[in-house]
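Per-entry structural report
Here is how the chains run, residue by residue.
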Amino acid sequence: MVGPSGAGKTTLLRSCNGTVPAAAGGVAINGRALSDMGERELRRTRSELAFIPQDLALVPELRVVANVLAGGFGRGGLLTALRALLKPRRADAQRAFELLQRVGVGDQLYKRSDKLSGGEQQRVAVARALFGGPRVLLADEPVASVDPERARDTLALLLELAREQGFALLVSLHNLKLARELFGRLLGLRRGRLLFDCAPEQLGPGELAALYALDPSEDEQRD
Ligand SMILES: Nc1ncnc2c1ncn2[C@@H]1O[C@H](COP(=O)(O)OP(=O)(O)OP(=O)(O)O)[C@@H](O)[C@H]1O
Ligand SMILES: [Mg+2]
């Protein structure tokens, strides 16, 4: 999902996981509308959706492994969460370790999270999101503030994991070049509206100019 700042990318991702209620339209997951779901079904559905927020939302003082374990907190109450953090089950600790290895930061397990570089923190956020074995991963600008090479690496890893573990992946990106290079389907969002939904090969200079135009009168011509 690409589009200028303020287009509504974060808002759309947050409506997909139900944290922002849709003012119009609706969200359906596997054909079931979120608005039709009761408390229990909604909770179960949410536990199958993982979200990586724009600012990653790692707890900086916690060790890397604890931040990954926090990915399982949606499943129980506060007490379960505290216990999982202070005295993780062996299987959970093992899974956290394997995920961290898989994303390439397995040697940083016991470091404080804020001691890691930006790119490493992004990988920890990926491991945390995958901890609960999601069916859908929503990632909001997950590679902001790292250099293009590392951004490409992290995105390629996300795509590889999605194929490997079979989850659907929806990513918002400012880096159009990487979006076109790596993803098979591009959604262009501008002023809360879908401007295009196509394969990268189908995208012409006209669409791109319209997507990022600074002049709002061009929108009025289209409206
Ligand atoms: N809680 C809110 N209440 C009302 N308006 C909001 C709220 N959150 C965001 N907006 C507005 O909705 C629009 C879309 O914001 P959003 O954060 O979704 O954009 P974005 O595409 O993610 O931008 P960026 O690329 O800068 O992250 C903006 O005009 C913003 O000011
Ligand atoms: Mg945003």
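Report on the accompanying structure. Note that the coordinates shown come from a computational prediction; the quantities given were computed from them, not determined experimentally. (Residues numbered from 1 in each chain as written. Chains lettered and ligands numbered in written order. Predicted model: local features only at pLDDT ≥ 70, side-chain atom pairs only at ≥ 80, totals over all residues.)

With that settled, the discussion passes to the overall build of the protein. The helix and strand tally for the protein stands at 10 helices and 7 strands. Here the protein has a C-alpha radius of gyration of 19 Å; the compact-globule value for 223 residues is 17 Å, and the two agree. The proportion of buried residues among the 223 residues of the protein is 28%. (Helix = DSSP H or I, 4+ residues; strand = E, 2+ residues; numbered from the N terminus. Rg over C-alpha atoms; globule rule 2.2 N^0.38 Å. Buried ≥ 20, exposed ≤ 12 C-beta atoms within 10 Å, placed from the backbone.)

All right, on to unusual backbone geometry then. One non-glycine residue, Ala57, lies in positive phi territory at about 55 degrees. Look at Ala57 and you get exposed, because 12 C-beta atoms sit within 10 Å. One non-glycine residue, Arg191, lies in the positive phi region at around 45 degrees. Turning to its location among the elements, Arg191 is positioned in the loop between strand 6 (186-190) and strand 7 (193-198).

Inspection of the secondary structure puts Tyr110 in the loop between helix 5 (90-102) and helix 6 (118-130). Taking the C-alpha atoms as reference points, Tyr110 and Arg63, 47 residues apart in sequence, are found 5.3 Å from one another.

Moving on, we get to the pairing of strand 7. Pairing analysis gives 5 bridges linking strand 6 to strand 7, with the strands arranged antiparallel. Looking across to strand 7, one finds that Leu187 is bridged to Asp197. Remark: 2 residues form the turn of the hairpin made by strand 6 and strand 7, two consecutive strands paired antiparallel; Arg191 in that turn has positive phi of roughly 45 degrees. (Pairing = 2+ DSSP bridges.)

Of all hydrophobic cores here, the largest spans 41 residues; its most connected members are Val68, Leu99, Leu100, Val126, Ala127 and Leu130. Elements that contribute at least two residues to this core include exactly helix 1 (9-16), strand 3 (49-52), helix 3 (64-69), helix 5, helix 6, strand 4 (136-140), helix 7 (148-165) and strand 6. If you tally residues by element for this core, the top one is helix 6, at 6 residues. In this structure, Val126 is in contact with Ile52, Val103 and Leu158, ignoring residues within four places of it in sequence. (Core = buried A, V, L, I, M, F, W, Y, C linked by C-beta atoms within 7 Å. Contact = placed C-beta atoms within 7 Å.)

Bear in mind that shape data such as this cannot, by itself, settle questions of function.
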